[in-house]
Amino acid sequence: MSDKKNFYLTTPIYFCNANLHIGHCYTTIVADIIARYKKMRGYNVKFLTGTDEHGQKIEISAKKNNMQPQDFVDGIVEQIKNLWDLLDVDYDIFMRTTDPKHVSAVQKIFRQLYDSGDIYKSNYEGWYCTPCETFFNERDLINNKCPDCGREVEKTQEEAYFFRLSKYQDKIMEFIKKNPDFIEPASKRREMINNFLKPGLEDLCVSRSSFDWGIKVDFDEKHVIYVWFDALLNYITALGFMNENNLDYEKFWPADLHLVGKEIVRFHSIVWPGILMALGIKLPKKILSHGWIIIDGEKMSKSKGNVVDPKILIERYGVDAIRYFLIREINFGQDGTFNNRALVNRINFDLVNDLGNLVSRTNGMIQKYFGGEIKNFEFIRNEQIEKICFDIVEKYNNLMDEYKISEALVKAFELICFANKYIDEVKPWNLFKNTTKKNELASFLYDLVEILRIACVLIYPFMPNTPKKILEQFYLDESYINFDSLDKFGVCNKNVRAKKSDLLFVRIDIEKELEELKNIKK
Ligand code: MSP
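Reference entry: report on the structure contained in this document. (Residues numbered from 1 in each chain as written. Predicted model: local features only at pLDDT ≥ 70, side-chain atom pairs only at ≥ 80, totals over all residues. Heavy atoms only, no water.)

A few points about the overall build of the chain
Formally: The secondary structure listing takes helices from DSSP runs of H or I that are at least 4 residues long and strands from runs of E that are at least 2 residues long, numbered from the N terminus. Computation of the radius of gyration draws on C-alpha atoms, with the globule rule given as 2.2 Å multiplied by the number of residues to the power 0.38. Remark: exposure states derive from per-residue accessible area (1.4 Å probe, protein chains only) relative to the maximum for the residue type, with buried under 20%, exposed over 50%, and partly exposed in between. The criterion used for residue contact is that any of the two residues' heavy atoms lie within 4.5 Å. Lys and Arg are tallied as positive, Asp and Glu as negative. Neither His nor the chain termini are counted. The atom standing in for a charge is NZ when the residue is Lys, CZ when it is Arg, CG when it is Asp and CD when it is Glu.
Across its full length, the chain holds 19 helices and 18 strands. Relative to the compact-globule value of 24 Å for 522 residues, the chain shows a C-alpha radius of gyration of 26 Å, a close match. Principal-axis analysis of the C-alpha atoms places the extent of the chain at approximately 90 × 55 × 40 Å. Burial statistics for the chain: of 522 residues in total, 56% are counted as buried. For the chain, contacts bridging at least 24 residues in sequence account for 78% of all contacts bridging at least 6. Averaging the locations of the 73 positively and 76 negatively charged side chains of the chain gives two centres separated by 3 Å.

Regarding helix α6 (residues 186-197)
Quick reminder of the rule: The arc in question is the one spanned by the directions pointing from the helix axis to the C-beta atoms.
What α6 keeps buried is the set K188, R189, M192, I193 and L197. All buried residues of α6 lie within an arc of 135 degrees about the axis, which places them on one face of the element. Those residues of α6 that are buried are in contact with α5 (169-178), β8 (183-184), α10 (265-279) and β13 (287-290).

As for the site of the ligand
Counted only if it meets this: By convention in these notes, a residue is near a molecule or strand provided one of its non-hydrogen atoms lies within 4 Å of it. Side-chain atoms alone can form a polar contact between residues adjacent in sequence; in general such a contact is a pair of N or O atoms within 3.5 Å, and within protein one must be able to donate a hydrogen while the other accepts it. Working definition of accessibility: Shrake-Rupley area with a 1.4 Å probe, residue cover restricted to the visible protein chains. With a 1 Å grid laid over protein atoms only, a set of points is called a cavity when a 1.4 Å probe fits there but cannot get out and a pocket when it is open yet has protein on both sides within 12 Å along at least five of seven lines; lining residues have an atom within 4 Å of a point. Throughout, a molecule is located in a cavity or pocket provided that more than half of its atoms lie within 2 Å of its grid points. Three residue categories are used. Nonpolar comprises Ala, Val, Leu, Ile, Met, Phe, Trp, Tyr, Cys and Pro, charged comprises Asp, Glu, Lys and Arg, and polar comprises the others, including Gly.
Close contacts around the ligand come from 23 residues, with I13, G23, D52, E263 and I293 the closest. Backbone polar atom of I13 to a nitrogen atom of the ligand: 2.8 Å apart, as the coordinates give it. At 3.0 Å, a backbone N or O of G261 approaches an oxygen atom of the ligand. Expressed as a share of its isolated accessible area of 670 Å², the protein-covered part of the ligand is 96%. With respect to the detected pockets, the ligand is housed in the largest pocket. When contributions to the shell around the ligand are tallied by element, the ones reaching two or more residues are β2 (14-15), α1 (22-40) and α7 (227-232). Grouping the amino acids of the shell around the ligand by side-chain chemistry returns 12 nonpolar, 8 polar and 3 charged.

What about the layout of surface pockets?
Under the convention used in this document: Grid points are joined across faces, edges and corners, and a volume is the space filled by probe spheres set on the points.
As a volume, the largest pocket reaches approximately 1,100 Å³. If you trace the largest pocket, you find 45 residues lining it, with F15, H24, K57, P131 and K299 closest to the centre. Put simply, the second largest pocket is a space of about 790 Å³. Lining the second largest pocket are 32 residues, with F135, F136, D140, F196 and R266 positioned closest to its centre. At the level of elements, β5 (119-129), β6 (134-136), α6, β9 (204-205) and α10 are the ones that each hand at least two residues to the lining of the second largest pocket. No other element matches α6, which puts 5 residues into the lining of the second largest pocket. Counted by class, the lining of the second largest pocket contains 17 nonpolar, 4 polar and 11 charged residues.

So, the sheet that holds β9
The strands making up a sheet are joined through hydrogen bonds of the backbone, oriented either antiparallel or parallel. Applied cut-off: The pairing criterion for strands is at least two bridges between them, as found by DSSP. Axes, fitted as lines to C-alpha atoms, cover a helix only where it is in contact. Angles between the N-to-C directions of the axes lie from 0 to 180 degrees.
Taken together, the 4 strands give an open sheet; going across it, the order is β6-β5-β7-β9, and neighbouring strands pair in antiparallel fashion. Edge strands, defined here as strands with exactly one partner in the open sheet, are β6 and β9. Lying on the sheet, α10 is in contact with β6, β7 (154-163) and β9; it crosses β7 at an angle near 30 degrees.

Observations regarding helix α11 (residues 310-317)
Every buried residue of α11 is listed here: P310, L313, I314 and Y317. Relative to the axis of α11, the buried residues are bounded by an arc of 100 degrees and lie together on one face. Elements that come into contact with the buried residues of α11 comprise α1, α3 (69-86), α12 (319-329), α13 (340-370) and α19 (510-521). The N-cap residue of α11 is D309: its side-chain oxygen and the backbone nitrogen of K311 are 2.8 Å apart.

Structural notes on the nonpolar core
Heads up, the condition is: Side-chain atoms within 4.5 Å link the members of a nonpolar core, which is a set of buried Ala, Val, Leu, Ile, Met, Phe, Trp, Tyr and Cys residues.
Formed by 122 residues in total, the largest nonpolar core has its most connected members in W84, Y317, F338, L445 and F462. Once residues within four sequence positions are removed from consideration, W84 is found in contact with Y14, L20, H24, C25, T28, T49, V89, Y91 and F94. The next biggest cluster of nonpolar side chains, apart from the first, holds 64 residues, and it includes I109, I119, V206 and Y235.

Observations concerning the sheet that holds strand β14 (residues 293-295)
Strand order in this open sheet of 3 strands is β15-β14-β16, and the pairing throughout is mixed. Because the sheet does not close on itself, it has two edges, and the strands there are β15 (298-299) and β16 (336-337). By the bridge criterion, 2 bridges tie β14 to β15 in an arrangement that is antiparallel. Along β15, the bridge assignment pairs I294 with K299.

Describing the environment of K167
Structurally, K167 is set in the loop between β7 and α5. By relative accessible area, K167 is classed as partly exposed at 49%. Separated by 85 residues in sequence, K167 and F252 have C-alpha atoms that sit 28 Å apart.

What to know about the packing of aromatic side chains
As a reminder of what qualifies: Pairing of aromatic side chains here covers Phe, Tyr and the six-membered ring of Trp, requires ring centres within 6.5 Å, and sorts the geometry by plane angle: under 30 degrees stacked, over 60 edge-to-face, intermediate tilted. Put simply, a charge is over a ring when the Lys NZ or the Arg CZ is close to the ring centre, within 6 Å, and near the line of the ring normal, within 35 degrees.
Applying the stated rule across the entire model yields 32 aromatic pairs. Between the aromatic rings of F15 and W228, the centroid separation amounts to 6.4 Å while the plane-to-plane angle is 90 degrees, which identifies the pairing as edge-to-face. Placement of the pair is F15 in strand β2 and W228 in helix α7, with a sequence separation of 213 residues. With a relative accessible area of 7%, W228 lands in the buried category. Where Y324 meets F413, the ring centres are 4.9 Å apart and the plane angle is 45 degrees; that geometry is what we call tilted. With Y324 in helix α12 and F413 in helix α15 (residues 405-426), the pair connects residues that are 89 residues apart, well separated along the chain. We note that Y324, like F413, is buried. Put simply, the rings of Y120, Y124, Y128, F135, F162 and Y226 touch in pairs and so form one group of aromatic residues. When the ring centre of F267 is taken as origin, the NZ or CZ atom of R266, which lies over that ring, is 5.0 Å away. The ring of Y475 carries the charged tip of R497 above its face, separated from the ring centre by 4.0 Å.

Printed below as a string of structure tokens:
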């Protein structure tokens, strides 16, 4: 039996009706960073993502494309999986809500809650936003439009099943108050308490009878189960809940982290706990909300026609640069603006000038001063350098453990900037001129390689390809991307070698590039 600690984290499952844009990618990239970090720290990680494949808007999209809904979603799922591959998202489970195991578990759960009286039949009358697949009361609407996406809502009147969410109102409130870290950031927690729990919860409509594409209520086939009820349950059905093979459920539930965009916190921190309470199941440990990627002052979304295609960006700049940019530019938890100029500037300044330059300077000096190989030198320990590295590592870990990932990335780059300054201070070109300083010079270059090794570990969760490329330049293999050796200095072999290599990142002519991007957009 493994004595590793388990860690279960999830992204929302993606609606299957459109090409995903860079805003969607943000949630998954953040989850991938946290998963890679936790794996590196020795956790037994399950990272779940997937697709939300039912509902009215998918039925409509399929019809528009003259396709059966199942064929339509199959095609989109392939595209989504390809995108995650392109972005190096290393998930452990990909859950589809059309998976028969999920379907049968959801039906069993629905029936169980009906039998226990937590689901009952009635009539729904109110408003519905099809793009958001969300019910609203008249008082929720803003200028008669959807309060979440601003689009038209439809008056809906149909026979429906309801979930007794109101019954769990006090218990949910009590749980949120007792567990101040359950919803983060705190501003979201306050919003949930003040805007939803205090005014009082209403029962939630959990079936639709006016269209077809969904999981059927098996004892009343006129009804399909409301897409959000179906979708939220994926977090437990993916682990085998209500299936013969539920070992993962026993091992990994409750989830350590549900990562969600800010507009779906209510579903995750109020509706989901209500359903779990009704099932008598433990609640997840944390709902962590992130902000939106904004473009021209608005949320990036297909309906606004302002989307940025991740594939084009990856093709032009490489996946690590895109991942770096999104995390560095958007302070995690807050909204952040996407713009091409900022992206190219980050590549030129942070990746070319800071990181790329440190690597090529270190490599170049080993080649120039030692012909590419430093042998037989005596390592002179520099405690000050070691302390700086260990301090940065400690702060980085604290930030990562608190999910302050943008700040952790900045910390990692502090080490890179420090190393560049260290070169300027030591002035190795002077040491080279002095034949008695050869050992000092060798030891200094060894320090730089060690700093690079540590930096590689720190940036690895964010930029999974770059560390390998850096280490290769010094004939070091991937085993050096090892968290356990972060508390040591002097890990690399004392026979330091460097080989002629391509530049890690190439400077971009910003004005020319912006012009080209403009043409692509046209
Ligand atoms: N299907 C539901 C989730 C069900 S989970 C039980 C859903 N899907 S979604 O495709 O619309 O959104 C998936 C994720 O992408 C959400 O976390 C959402 O916040 C995120 N983003 C979509 N547009 C975004 C931006 N412009 N910026 C940042 N994230 C955004 O919601």
